[in-house]
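Coordinates in review
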Amino acid sequence: MILEILKYPHPSLKAKAEKVRALDDEVIRLIDDMVETLYASPGVGLAAPQVGHSLRVIAIDVSRNSGNSNRRAKDPGHGLMILINPAILYQEGEKMVREGCLSLPEYTANVKRARRVVVNGLDRNWNPVELTSKDFEAVALQHEIDHLEGILFIERVGSLKTDLFRRKDMD
Ligand code: NI
């Protein structure tokens, strides 16, 4: 089922999400719905709080077109990634990237992110995973894990005057 993506300033986007305790039917359905919702959207990542579930679940796929920028990531990364209770174990490097968010569809912003991250968590079968990610996918991971803390990318912007952009100003 395609879920409604909540828009800023919905309170669900500001809340710290709860750890998932078990892979029950509710979580399995949430994951399926998040994947369906992600693929029906122009984005490359989605976090459960964006669809009204205060749970630590993210879905990312940078191998697909990002509809708004209409460009394919040069590096497809790990393809579809579902992570439950994800955590960043290690990060290195720094880069400024232009980000967008399905919950703030009218804006993009320059955000400083780590270039490479090592992340762990549980996959959709409740198996522990640890993976290294870089560049575009690493940025998506940092963005989605921020959502689980109730942090939006606009809060990472250095200057709202010079680093925040309306989408119509792009291209
Ligand atoms: Ni987002």
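A few points on the structure. Along each chain, numbering runs from 1 in the same order as the chain's sequence is written. This being a predicted model, a pLDDT of at least 70 is required before a residue's local features are given, and a value of 80 or more before pairs of side-chain atoms are given or counted; all residues contribute to the totals for chains, interfaces and linings. Note that water and hydrogens are dropped before the side-chain values are worked out from all heavy atoms of the structure.

With respect to the nonpolar core
Among soluble globular proteins, nonpolar side chains are generally buried collectively. Put simply, the rule is: Remark: nonpolar core denotes a set of buried residues (Ala, Val, Leu, Ile, Met, Phe, Trp, Tyr, Cys) joined through side-chain atoms within 4.5 Å. Working definition: with a 1.4 Å probe on protein chains only, accessible area under 20% of the residue-type maximum means buried, over 50% means exposed, and in between means partly exposed. The numbering of helices and of strands both runs from the N terminus, where a helix is a DSSP run of H or I of at least 4 residues and a strand a run of E of at least 2. By definition, residues are in contact when any of their heavy atoms lie within 4.5 Å.
One finds L30, M34, L46, V51, L55 and V57 to be the most contacted residues of the largest nonpolar core, which totals 19 residues. Those elements giving two or more residues to this core turn out to be α1 (25-39), β2 (57-60) and β3 (81-92). The element contributing the most residues to this core is α1, with six residues. Those residues in contact with V57 that sit more than four places away from it in its chain are V20, L30, I31, M34, L46, A47, A48, L83 and L148. A17, I58, V62 and A114 belong to the second-largest nonpolar core, a separate cluster that totals 17 residues.

Observations regarding the pairing of β2
Rules: Strand pairing follows a simple DSSP-based rule, namely that at least 2 bridges must link the two strands.
Here β2 shows no split at all, with V57 and A59 on one side and I58 and I60 on the other all buried. Judged from the three bridges that link them, strand β1 (residues 45-47) and β2 form a sheet pairing that is antiparallel. Each bridged residue has a counterpart across the sheet, and for L46 the counterpart in β2 is A59. Two elements, β2 and β3, share four bridges in a ladder whose sense is antiparallel. Pairing of V57 across the sheet is with I84, part of β3.

Thoughts on the sheet that holds β1
What counts is decided by this rule: To obtain each axis, a line is fitted to C-alpha atoms, and for helices this fit is confined to the stretch in contact; angles are then taken between N-to-C directions over 0 to 180 degrees.
Read from one edge to the other, the open sheet built from five strands follows the order β1-β2-β3-β6-β7, with strand pairing classed as antiparallel. Edge strands, defined here as strands with exactly one partner in the open sheet, are β1 and β7 (128-134). In this sheet, adjacent strand axes meet at a mean angle of 35° when their direction is disregarded. Looking at chain direction, β3 and strand β6 (residues 116-122) are connected through six bridges and run antiparallel. Paired with I84 across the strands is L122, a residue of β6.

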